[in-house]
Every structure is written in C-alpha cells, then in structure tokens.
Amino acid sequence: MQSFRTEIENPVVEKDIIELEKKIRLFREGNIDEDRFRSLRLARGVYGQRQQGVQMVRIKIPYGKLTVPQIRRIADIADEYANGNLHLTTRQDIQLHYVSLDRTPELWAELEKDTLTLREACGNTVRNITASAMAGIDPNEPFDVSPYAQAMFEYFLRNPICQEMGRKFKIALSSSEQDSAFTFIHDIGLIPKVKEVDGKVIRGFKVLIGGGLGAQPQMAEVASEFMEEDQVIPFTESVLRVFDRHGERNKRGRARMKFLMKSIGAEELIKLANEERKSLKSKSFVVDRDLVPEQVLPTHSGFGEAKLADESKYALWKATNVFEQKQKGYYGVHIKLPLGNILSDKARKFAAIVEKYAADDIRITVNQGFLLKFLTEDALPHLFNALNEIELAEPGFDSTADVTACPGTDTCNLGISNSTGASNRIEQLIREEYPELIKNNDIKIKISGCPNSCGQHGIASIGFHGSSMKDKQKKVLPALQVLLGGGVDGNGAGRIAEKVIKVPSKRVDETMRLLLEDYEENAKEGEYYADYYNRQGKMYFYYLLKPLTELENLAAEDYKDWKHAEETFKVVAGVGECAGVVIDLIQTLIVEAEEKLESALANYEAESYADAIYNAYSSFVISAKSLLLADDINPNTQMNIIKEFDKQYVETGKVKLDSSFEDLVLQMKDFEPEASFAQSYLEAAQSFLTLIKKLRENQLNDKVHA
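Rules of the game
Residues numbered from 1 in each chain as written. Predicted model: local features only at pLDDT ≥ 70, side-chain atom pairs only at ≥ 80, totals over all residues. Heavy atoms only, no water. Helix = DSSP H or I, 4+ residues; strand = E, 2+ residues; numbered from the N terminus. Rg over C-alpha atoms; globule rule 2.2 N^0.38 Å. Contact = heavy atoms within 4.5 Å. Areas by Shrake-Rupley, 256 points an atom, 1.4 Å probe, with all protein chains shown as cover. Pairing = 2+ DSSP bridges. Axes fitted to C-alpha atoms, helices over the stretch in contact; angles between N-to-C directions. Phe/Tyr/Trp six-rings, centres within 6.5 Å; stacked < 30°, edge-to-face > 60°. Buried < 20%, exposed > 50% of the residue type's maximum accessible area, 1.4 Å probe, protein only. Patch = residues over 30% accessible without salt bridge, like charges linked within 9 Å, V, L, I, M, F, W, Y side chains within 5 Å. Salt bridge = Lys/Arg side-chain N within 4 Å of Asp/Glu carboxyl O. Lys, Arg positive; Asp, Glu negative; His and termini not counted. Charge placed at Lys NZ, Arg CZ, Asp CG, Glu CD. Parallel < 35°, antiparallel > 145°, perpendicular 65-115°, else oblique. Left-handed = near helix turned anticlockwise from the far one by under 90°. Nonpolar A, V, L, I, M, F, W, Y, C, P; charged D, E, K, R; others polar. Core = buried A, V, L, I, M, F, W, Y, C linked by side-chain atoms within 4.5 Å.

**Q** Explain the overall build of the chain here, please?
**A** In terms of helices and strands, the chain carries 20 helices and 22 strands. Its C-alpha atoms give the chain a radius of gyration of 27 Å, near enough to 27 Å, the size a compact globule of 706 residues would have. C-alpha atoms of the chain, sized along the principal axes, occupy 80 × 70 × 55 Å. Contacts spanning at least 24 positions in sequence make up 70% of the contacts within the chain whose residues lie at least 6 apart. Of the roughly 29200 Å² of accessible surface on the chain, a fraction of 48% belongs to carbon and sulfur atoms.

See the structure below:
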C-alpha cells in the first residue's frame, strides 16, 4: 500500500483518516494483532463481510438526517468503491458492501467532503444516535428532538469515555409518547416532555435505561419520569463512565449494559452514575435549539393539475404513505424501500425528485425507508408520478406488507439462514393473497438472519430469525424461529415477542397463512394483534403451528435456503476477515497505553482537561492489564483489573505505590476536571507506565536467563 494523504479541511478528521490508513498498513505488515486491529477498524465503521477479502462500510447518519448533496455523494461512492447499492438500516445508517479494506481511508475522505462520517458507526462505542424520523413535523410532539440528537452525536463523537467499551451502546430519542423510535429497547431512551413551572414551560425528557434486544431481550427501566433538558447529556456521560468501568469485557454475550443493570440493579447503576458527576466536563449542558439548520423548502411552487399515472394506486399511496404535518398545509411522505435497498442510479433520480418537490431534509426511518418533508398538497400527485416512474411509489409504508429485514446471510458473518428471501416471499404473499393488509399498520413483520435482532424481530407482531433444523437422518435444513406478540405500547413501554416454535424456512408461506387467517377468524372486533396473542397464549400458537414442524415428507427444496436454490443448505460460520500473525499482545497493550497518554497530553495542551484525565485513566487501566496478562490473569471488567492489580502486586509488595492502585486511579472521581489536577494525574499515569515497562523488561530478561 502507498502512503495516503487527504485534503480534508478539519484537522481532527484528517488525522483520523490518515491514522486508519496507517493502521491498515501496520496490520498488513503483521505489526498489529488481529483482535486489536478489528477493534480499531470497527470503531471506524469498517466491518468484515461474510465474503472473504471485502468489507461492509457503515456510514453514520445521526438521527437519519440526510441532504440531497449527501445522497448524491453516497451514490457516487457506492459506484466507485462498492457494489452500487445503498442499504438503509434499522438504526438509520447507510451501509455499502464489497469494499476493499485498503480503499476505506480514501472512501472516508470522499464522504467527509459532505460532512459524512464512518467514525464509531461500528465497534464498542456509542453507535449512531437514532430518533423518530418525524421529529420536527410530528403533530403529537411537544418539541423537536432533532437538536438534542445532534448535540448528543457531537458530544460523544471521539469522546474518550466511549471509545473502547466492553460492548456497543445505543441511544434513541422519540418525538412523542407514541415512541416510534422504540426507546424501550435502548441502553438510553429519551421521550420529550414539558411541564409548567411558575407559568414557564420547561422542557425535559422521560429517561429509560438498560433496554436491549438480541438473544436475551430486556425492557428498559425508567430512570427519571422528567429530567430537565440540560441534565440529559451529563447523565448520559455518567452512565457511560459506569458502563466503561464496570461492564463485562471478556464474555461478549454478557457485555451489554442490560446485563450490568441486571447484575447490580437500576438503583445501584444510577447511584454509581451520580458518583461520577464531580468529574464531568459539563455539570449542565444546554442544547442550542437552533443547532439543526432550518428547513430548506422546495424552490418550485404552484404545480397545478397532474394527470395521475395510476389513480387507484395514488389513492392507496396517499392513504398509507402521506400524512399532514404539524405545520398546517404541509405534508410528510413516506417512501417504502424493499429490504432497505436502493441502487445508486435510482438514488440520484430520487435526489432530483426531492430537490424539486420537498424540503432538503430527508430522514431515514427505523424500518428502512425514507421520509420526505414539507410537501404542498398540489405537489403530491406530481411527486407520486415521479416516484412511480422509478418504482418508489409503493403503497403500504410501515404496514403488514412492509417487512423489515436485515441482510442476513447475503453479507453478514453472523447470518444462519436467509432473511431477505423470506422477506420478499412474505411481501409477495400479502400483495397476492391479503391485499387488504396493505392498509393494516398494527401487524408488524420483522426478520433477522440470526438471534441478534438487527431486523428487530424481538419487537415484531410476527417475527422470525434465522436458524436450522435436523431431520431424523440428522440432515440439516434451513429454519426460521417464529416469535409472536411484540410491539409498541407507547410512552417508553413495549412488548417483547415470545419465541413460539421453529419451522422450516420454505414453509414461511404456510406459517403466515395460518397466523393471519387464525387472527381474522378468532380476534375480537378491534382487537390488536399483540392483545390477541396475549389472550390466546403462547401454547395456543405453538399447537397452531406444530403441524408445520413435521419432517416426514420433506422435499428436496426444503433443504435449500431462500435465494440459494442451487446449493444444499449448511450452517456456515462467518469467513475469517484477514489472517493475523502471532505477536506480543503484552507489548501491544503497552503501546496502546502510550497512545492514550499521548492523547491525554494533547488534550491537556488544548485545555480539554476532562478528556485529558479520562485518557490518562485509560492508560492506567491498560498498563495494569498488560502486567496482569503477562501473568495469565485476565479480569473481566476495568474495575476488576484495578482491584486485581492491588491484590497481585501492591498488597504483595511486588509494586511499590504511595497508596493502593484503586485510590491512585479513582481519585479522578473526587476532583473537578481542572488544570492542576489534570497535570498531577497525567504525571502519575506517566510514572506508572514507566514502572510497568520496567517490570515487563525485567520479566523478559528473567525468561531469557531462566
């Protein structure tokens, strides 16, 4: 690889991109451990694909907000660096697939020309901050949450407290109590509230913590019914500090915040968070309500009459995809995208349509579609005709006919059986046999390729995730785990879908027919699907679907997955991303501790004292971990690293300190982040690292002379 340089104006971003290129070269040369490189790469939005030798690149789109120039930029990049497809995710990101690892710095530099980033789109970081796509135009919202989402994105991006946590951390803001951002499945969820105090309207948020989906879903708990707006970011930072220090790091399946909260309880977690307040950079953070630029409205007006391409389709589209905004006289329009995919050429045509008819504020929705804003009523038929020409005027947005699905085995390492093929088949079935459900917005169908719930099957009315089954001859066939009864109750409350039964993938048609016809025949008038499921109970549906699990009369097709008719199904573990080499992991950690100290010194010189202190704290912990690992001791949390270092070295006299290691390191919580303390703390971290390096040198010398 040749050395890479970029013309990015922002020096922080430019340094980031050049650093990625440097790390790729060091990895190719065998100078960075594979696991360490994976962590670095993921935190920069580069994710290994199922297909060997190529990457998925995830573009972080805060709260799903896009402009027309940004869509055009991404479309051009998709052609130049990827396979020409833009994939919209349930977390309002855009993913590009089949990207060469060596070209990712160049790709990132191109994105930054339109202020788009890869930073912290993957990895053990604060992931993309999501929000209701309707924020700003929602007739039910107390206020627009967009500036708060933008402020949180900016505050935590590159923030030292959340760069290398035990696992990812997800934050969502809903626009109203209807909770269209699903706050109850997030590590932190925020629902806007207002109250009147002495005749003045005060803004705040209902705050939820500790939710999550995955193989072990958990509902979030209420941390505060009303937290004033200036306290939300400080509270979030406090929680992140607790998660970073106390969260599991060795057992990946137990490393989410929901497990920490389950272990110590919400009350203790909040107590620990409050103990962090003194060390925070901001005790109060007032969000600039004008942080998000005002809407750029369409320049055209007075569109006049339009001859509709398809009058009946237009009527259905208008009924299911269009709503009046809180701004009277303007309309929001939802765009349904099958599987969240849009090819680059179509994306450019779509951008031109938006430019003519809508505001330059496109939002990605959490069910993998688009939302356009500020359409005038006379523009709607013209918009429909234009969208219809490029096959983007499909009615039934967010209806039963709008199935959410992750890419699954198409590209993901973790996929077990194909989710996209099953999704296509279900949508076709509904269009052909149950067209009335195009107007149904109660029954939500969601599919994931594995139990991890990227397709949000865990909150579906009818959900599926990829799996496998064996017949009596132990021959494997693709399967779908059926989950039922999930949904959104509103105001931060929801329902987690229950696992009911596993069926062969190719029997998804019969599964859907049984479920839909049973509901049609037996539900009470006006009874929602989740309520119907609860009334009948899990075992009712188990026995309803049980005949589909009989494997006596399997056909050859049953052993082949959707979209893979040419091959017999087998469960395939994801292909390794890049071969690594054996290197000194202890030395890698010492280098990492040195890098943290370098960052701390740079922060100090920039008078960012809170960041300097936290980077120095990280250097302390990493330094201690290196010595523990050298003695085959691998504690599972940062707090346990600190305690174990005291036990193994300080209390035994092997390491001489003026206090316990715990007191030395955690004094950061007891001081305001000011210059004098930051200086002394950095000096202590530097001395400690020097000591660790000397001890490591002695260890290696002892081995040589043993």
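**Q** How do you make sense of the sheet that holds strand β18 (residues 462-470) when you look at a structure like this?
**A** Adjacent strands of a sheet pair through backbone hydrogen bonds, lying either parallel or antiparallel. Overall, mixed pairing links the five strands, which are arranged β16-β17-β18-β19-β22 in an open sheet. Strands with a single pairing partner mark the edges of an open sheet, and in this sheet they are β16 (404-405) and β22 (498-504). As defined by bridge partners, β18 adjoins strand β19 (residues 476-484) across nine bridges and the pair is classed as antiparallel. Bridging from a neighbouring strand, F464 pairs with V482 of β19. Of the strands in this sheet, β17 (445-448), β18, β19 and β22 are in contact with helix α13 (residues 508-522), which crosses β18 at around 140 degrees.

**Q** What is the right way to look at the sheet that holds strand β5 (residues 94-99) in this model?
**A** In space, the five strands of this open sheet follow the order β1-β2-β5-β4-β13, with antiparallel pairing throughout. Whereas interior strands pair on both sides, the edge strands pair on one side only; in this sheet they are β1 (46-48) and β13 (341-343). Neighbour to neighbour, the strand axes of the sheet diverge by 30 degrees on average, direction disregarded. Two strands pair when backbone bridges link them, and strand β4 (residues 85-88) and β13 are joined in this way by three bridges, in the antiparallel orientation.

**Q** Teacher, can you tell me more about the packing of aromatic side chains here?
**A** Two numbers describe a pair of aromatic rings. These are the distance of the centres and the angle of the planes. As enumerated under the stated definition, the model contains 31 aromatic pairs in all. Their ring planes at 50 degrees and their centres at 5.8 Å tell us that F169 and F243 sit as a pair that is tilted. Here F169 is found in the loop between α5 (146-156) and β7 (171-173), whereas its partner F243 is found in helix α6 (residues 232-246), with 74 residues between them in sequence. Accessibility assignment for this pair places F169 and F243 in one class, buried.

**Q** Which parts of the structure should I look at to understand a negative patch on the surface?
**A** On the surface, E436, E517, E520 and E521 cluster together into a negatively charged patch. With respect to the helices and strands, the residue E436 is situated in the loop between α12 (420-433) and β17.

**Q** Explanation requested: helix α7 (residues 257-264) in the structure shown.
**A** An α-helix turns once every 3.6 residues. As a result, residues three or four positions apart point the same way. Every buried residue of α7 is accounted for by M257, K258, F259, L260 and M261. Elements that come into contact with the buried residues of α7 comprise β9 (200-209), β10 (221-228), α6 and α8 (266-275).

**Q** Mind showing me how you'd approach the packing of helix α17 (residues 609-630) against helix α18 (residues 638-650) here?
**A** Between two packed helices, both the angle of their axes relative to each other and the distance between the axes serve to describe the pair. Interaxial distance between α17 and α18 falls to 9 Å at its minimum, and their mutual angle equals 55 degrees. Overall, the two elements α17 and α18 adopt an arrangement that is oblique. Where α17 crosses over α18, the handedness of that crossing is left-handed. Between α17, through Y617, V621, A624, K625, L627 and L628, and α18, the contact on the second element is made entirely by Q638, I641, I642, E644, F645, Q648 and Y649. Per-class residue counts for the contact of α17 with α18 are nine nonpolar, two polar and two charged.

**Q** Looking at this structure, how should I read the nonpolar core?
**A** F169, L173, F645 and F661 are the most contacted members of the largest nonpolar core, which has 84 residues in total. Among the elements that make up this core, the one with the highest residue count is α17 (14 residues). Sequence-distant contacts of F645, that is, excluding residues within four places in its chain, are made with A624, L627, L628, V650, V655, F661, F688 and I692. I61, V99, A358 and L387 belong to the second-largest nonpolar core, a separate cluster that totals 64 residues.

**Q** Is there a simple way to explain the environment of L20 in this structure?
**A** Structurally, the position occupied by L20 is in helix α1 (residues 11-28). Residue class for L20 comes out buried when judged on its relative accessible area of 2%. With 466 residues separating them in the primary sequence, L20 and G486 have C-alpha atoms 41 Å apart. Discounting residues that sit within four places of it in the chain, L20 has contacts with R44, T104, P105 and W108.

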